[in-house]
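Summary of structural features
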Number of protein chains: 2
Amino acid sequence: MLSKKTKYGLKALSYLASQPDRQPVQIAEIAKAENISQKFLESILLTLRKNGFLGSRKGKGGGYYLIKDPADIPMTSVMRVLEGPIAMVPCVSLNFYEKCADCPDESRCSVNKLMLQVRDSALEVYRNNSLADIL
Amino acid sequence: MLSKKTKYGLKALSYLASQPDRQPVQIAEIAKAENISQKFLESILLTLRKNGFLGSRKGKGGGYYLIKDPADIPMTSVMRVLEGPIAMVPCVSLNFYEKCADCPDESRCSVNKLMLQVRDSALEVYRNNSLADIL
DNA sequence: ATAAACCCTATTGTTTTAGTAGATTTATAA
DNA sequence: TTATAAATCTACTAAAACAATAGGGTTTAT
């Protein structure tokens, strides 16, 4: 299951991407438009900013805004920041690889074999979609 | 992330599928061979039996065994029983569809648009793999 | 009598999804 | 210059759900 964090993050990015200009948009406005708990959204936007997707301005007239062209924001990086690894098991993860404690031989593991294919197919989807593509 | 339940379930099914015959195999043997908590495995095998994948025999010489040919067990049904919906959001699920409370229009939702593709690509993998294929 | 699956319940730990309270920064008006 | 309001930022807490077992007794086949 997709976490609400990721869902809300994607919706917020989409909302910002569909703005006519790149003027700051307030958290409250996004929260209201997308039916998201404002405080929860606040922390999500913060991590999106810290990971280079958004810029922010404090004080009156402040808010969040995209700092890149939506076409230059691949879903791979968005998903990895919000949801974590794209792979369903660490032993097939490209960016978060970890050996299974219980599995003696990955090459003969049926779970590994299946999940490798699932990862590749998901990866292809995320690579073929930028933020601009899902608007 | 794949739950351990699913991971263990897949491993147990693979273990049973790679037996030379269809004689009952005890829980303890599977648990030991695959490094799985025996009590946890017990409940997993039970749900696999109740969902028509396994048969069981009580008493001495008892255990679990496959009741179908591994080639006739598609990963779609295994995953749905162990892990639940294949879709990452209910609004794109074939077997567990549910409307999002917050989303007024699915056809214009970016999350829906992306996750529909992810579901389809995962589904293709699961449909193309039977238990026999991942041994 | 024994060995196995079966069934029920409780517990522990982690993650998710927030809510609360306040601090800090900035723009604007007095 | 000062006050005020509008925002983000930070830290702490907490409730709820979920994951992953552990324990102990029951039933059934040999």
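What counts and how
- Residues numbered from 1 in each chain as written.
- Chains lettered and ligands numbered in written order.
- Predicted model: local features only at pLDDT ≥ 70, side-chain atom pairs only at ≥ 80, totals over all residues.
- Heavy atoms only, no water.
- Near = heavy atom within 4 Å.
- Polar contact = N/O pair within 3.5 Å; in protein donor to acceptor, adjacent residues only side chain to side chain.
- Nonpolar A, V, L, I, M, F, W, Y, C, P; charged D, E, K, R; others polar.
- Disulfide = S-S within 2.5 Å.
- Least-squares fit on C-alpha atoms with pLDDT ≥ 70 in both.
- Contact = heavy atoms within 4.5 Å.
- Buried area = accessible area lost by both parts, 1.4 Å probe.
- Salt bridge = Lys/Arg side-chain N within 4 Å of Asp/Glu carboxyl O.
- Helix = DSSP H or I, 4+ residues; strand = E, 2+ residues; numbered from the N terminus.
- Axes fitted to C-alpha atoms, helices over the stretch in contact; angles between N-to-C directions.
- Parallel < 35°, antiparallel > 145°, perpendicular 65-115°, else oblique.
- Phe/Tyr/Trp six-rings, centres within 6.5 Å; stacked < 30°, edge-to-face > 60°.
- Buried < 20%, exposed > 50% of the residue type's maximum accessible area, 1.4 Å probe, protein only.
- Domains from an automatic or database assignment.

**Points about the protein's contact with DNA strand C**
All names here are of chain B. Taken together, 24 residues are adjacent to DNA strand C, and Ile 27, Glu 42, Arg 49, Ser 56 and Tyr 64 come closest. Near-protein atoms of DNA strand C (within 4 Å) split between backbone and bases, with sugar and phosphate holding 73%. Note that a base nitrogen of DNA strand C is positioned 3.2 Å from one of the side-chain N or O atoms of Lys 39. Ser 56 has a polar side-chain atom sitting 2.4 Å from a phosphate oxygen of DNA strand C. Residues that form the surface near DNA strand C fall into these classes: five nonpolar, seven polar and twelve charged.

**A short note on the state of the cysteines**
If you walk through the whole model with that rule in mind, you get zero disulfides over all chains. Sulfur of Cys109(A): no disulfide; nearest cysteine sulfur belongs to Cys103(A) and is 3.9 Å away.

**Considering the relation of the copies chain B and chain A**
Mapping chain B onto chain A calls for a rotation angle of 180° and an axial translation of 0.0 Å; the resulting RMSD is 0.1 Å. The transformation relating the two chain copies, once decomposed into turn and shift, fits a two-fold axis. No C-alpha of chain B lies nearer the rotation axis than that of Ser121(B), which sits 2.8 Å from it. Looking at the interface residues of chain B, 100% of them are also at the interface in chain A, so both copies use one shared face.

**Digging into the interface of chain B and chain A**
At the junction of the two partners, chain B supplies 35 residues and chain A supplies 35 residues. Buried surface at the junction of chain B and chain A, summed over both partners, amounts to about 3,000 Å²; 65% is from carbon and sulfur atoms. Among the residues chain B hides against chain A, the three largest losses belong to Met1(B), Asp102(B) and Leu114(B). Together they make up 20% of the total. The tally of links from chain B across to chain A stands at four salt bridges. With a closest N to O distance of 2.9 Å, Asp102(A) and Lys11(B) form a salt bridge. Our count for the contact surface shared by chain B and chain A stands at 14 residue pairs in polar contact (both at pLDDT 80 or more). For the side of chain B that touches chain A, the elements supplying multiple residues, two or more each, are helix H1 (4–17), helix H4 (75–82) and helix H5 (110–127) of chain B.

**Describing the packing of helix H5 (residues 110–127) of chain A against H1(B)**
The geometry of H5(A) relative to H1(B) is characterised by a closest axis approach of 9 Å and an angle of 120° between their N-to-C directions. Relative to H1(B), H5(A) is oriented oblique. Contacts from Ser110(A), Val111(A) and Leu114(A) in H5(A) reach Lys7(B), Leu10(B), Lys11(B) and Ser14(B) in H1(B). Class assignment of the residues belonging to the contact of H5(A) with H1(B) gives a composition of three nonpolar, two polar and two charged.

**What about the packing of aromatic side chains?**
Residue and element names in this part refer to chain A. A full pass over the atoms with the stated rule returns two aromatic pairs over all chains. With a centroid separation of 5.8 Å and 80° between ring planes, the pair formed by Tyr 8 and Phe 40 is classed as edge-to-face. Taken as a pair, Tyr 8 in helix H1 (residues 4–17) and Phe 40 in helix H3 (residues 38–50) lie far apart in primary sequence, 32 residues in all. When its relative accessible area of 10% is taken as the criterion, Tyr 8 is described as buried. A residue is classified by how much of its surface remains accessible, and Phe 40, at 34% relative accessible area, is partly exposed.

**Things to note about the domain arrangement of chain A**
Residue and element names in this part refer to chain A. For chain A, the domain assignment lists domain 1 (4–66) and domain 2 (72–134). Its C-alpha centre places domain 1 at a distance of 26 Å from the equivalent point of domain 2. Taken together, the contact between domain 1 and domain 2 spans 13 residues of the former and ten residues of the latter. For the pair domain 1 and domain 2, the summed buried surface comes to about 940 Å²; carbon and sulfur atoms form 81% of the total. Its largest share of buried area at the contact with domain 2, domain 1 owes to Thr 6, Leu 10 and Phe 53, together 52% of the area lost on that side. Counting only elements with at least two residues in the side of domain 1 that touches domain 2, the list comes to H1 and H3.

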